[in-house]
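An overview of the molecular structure
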Amino acid sequence: MSTDDLHWMTLALEEAKQGIGLVSPNPAVGAVIVRDGKELARGWHQKYGTHHAERDALSKVENVKGATIYVTLEPCSSHGNTGACTDALIAAGISRVVYAISDPNPDHAGRADEVLRAAGIEVSSGILEEECRHLIRGFAMVQTEDRPWVIAKTAMSLDGKITRPPGESQWLTGPEAREDVQLLRAEVDAIITSGATVRQDDPALTLRSSAISPNKEQPLRVVLTRSEIDQSAYQIFNDGHPTRLFQNIPISEVLRTLAAEGMNTVLLESGGDLMGAFLDEGLIDEVVIYYAPIITGGLTPAIGGKGAASLEERFALKDTTLEKVGPDLRMRGIVDRKGPKALER
């Protein structure tokens, strides 16, 4: 990896980020075309069924013979809605292809290398691999586990509770944190909540921020419940936006259904019981917690469930960030599937 390779792949990654939340069931991908140290064009995948990033970049410049293209994901070699990107790169006269990560679909991984090298094109990979893998974590989860990536979002007091007296506002956090949640919703394809949350809070779970791309469609609202719900009584079923109700369906089956319908990433916004059920089944991949600077006490935990049977089974996070959002704190992290480190005493 050269300094130049790192620079250009960084720009390709920035291009790819524009597609977050917009391109499912495809992954967000970016590309930059360079020749003699000068940028010729950039591209990104903007919507399912439109040009992939490589073809988007190629469409913006007439002559790319002898150029290098930097792509955040291995170019596709199969003929889908827009044709194989490997074919387009060969036909355009690209001389070198640098991509970050292989296709997470095991049936496709590495195919581009064979096709491109057979055409005399130099191929390199592994540049900014970790960052680009994180970008398509939802797509990769569907390809490898047949379920979406699950982001669990909750807001709680400093003592881990969501206790509120009857009739009080449903929000513990301030307006800045609620605006931040809007941007989080814009990352996902569906928002999952519980029947209990619908009955108690009558939430809308809609996109309401001017900072969100106008091309972002309202995520599907998904309600999981054990008992009947009078759908005429709650706005989530009557505001004209799409909502699905699953009654007495196992969580894992719901997630497989959503993946089969083209959803890569879902956001879990619910009370402690459903949050705990996801946790107990090992179906949470990422956590976003908003901490309000208050202590409520009480009996209503933000995350319930059976809990870990031992310290070795406790919930561990990696790649965590902590940021102040208005008067509140936001912590975000990835579930560490390798488990927590031993406690030091």
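Up top is the structure these notes are about.
Residues numbered from 1 in each chain as written. Predicted model: local features only at pLDDT ≥ 70, side-chain atom pairs only at ≥ 80, totals over all residues. Heavy atoms only, no water.

1. A look at the overall build of the chain
- Counting its regular elements, the chain contains 10 helices and 13 strands.
- Taking 20 Å as the expected radius of gyration for a compact globule of 345 residues, we find that the chain reaches 22 Å, a close match to that expectation.
- The C-alpha extent of the chain, read off along each of the three principal axes, is 70 × 55 × 35 Å.
- Of the roughly 17000 Å² of accessible surface on the chain, a fraction of 48% belongs to carbon and sulfur atoms.
- Averaging the coordinates of the 36 positive side-chain charges in the chain and doing the same for the 49 negative ones gives two points 1 Å apart. (Helix = DSSP H or I, 4+ residues; strand = E, 2+ residues; numbered from the N terminus. Rg over C-alpha atoms; globule rule 2.2 N^0.38 Å. Areas by Shrake-Rupley, 256 points an atom, 1.4 Å probe, with all protein chains shown as cover. Lys, Arg positive; Asp, Glu negative; His and termini not counted. Charge placed at Lys NZ, Arg CZ, Asp CG, Glu CD.)

2. Here's the deal with unusual backbone geometry
- The linkage connecting S24 with the following residue, P25, adopts the cis geometry, with an omega of 10°.
- Assignment of secondary structure puts P25 in the loop between α1 (3-17) and β1 (30-35).
- Of note in the backbone geometry, L128 takes a positive phi value of approximately 55° without being a glycine.
- Take L128: it is sitting in the loop between β5 (122-125) and α5 (129-135).
- Taking relative accessible area as the criterion, L128 reaches 14% and is therefore assigned buried.
- Residues other than glycine seldom take positive phi values, yet D202 does so here, at roughly 50°.
- Here D202 is to be found in the loop between α8 (195-201) and β8 (220-225). (Buried < 20%, exposed > 50% of the residue type's maximum accessible area, 1.4 Å probe, protein only.)

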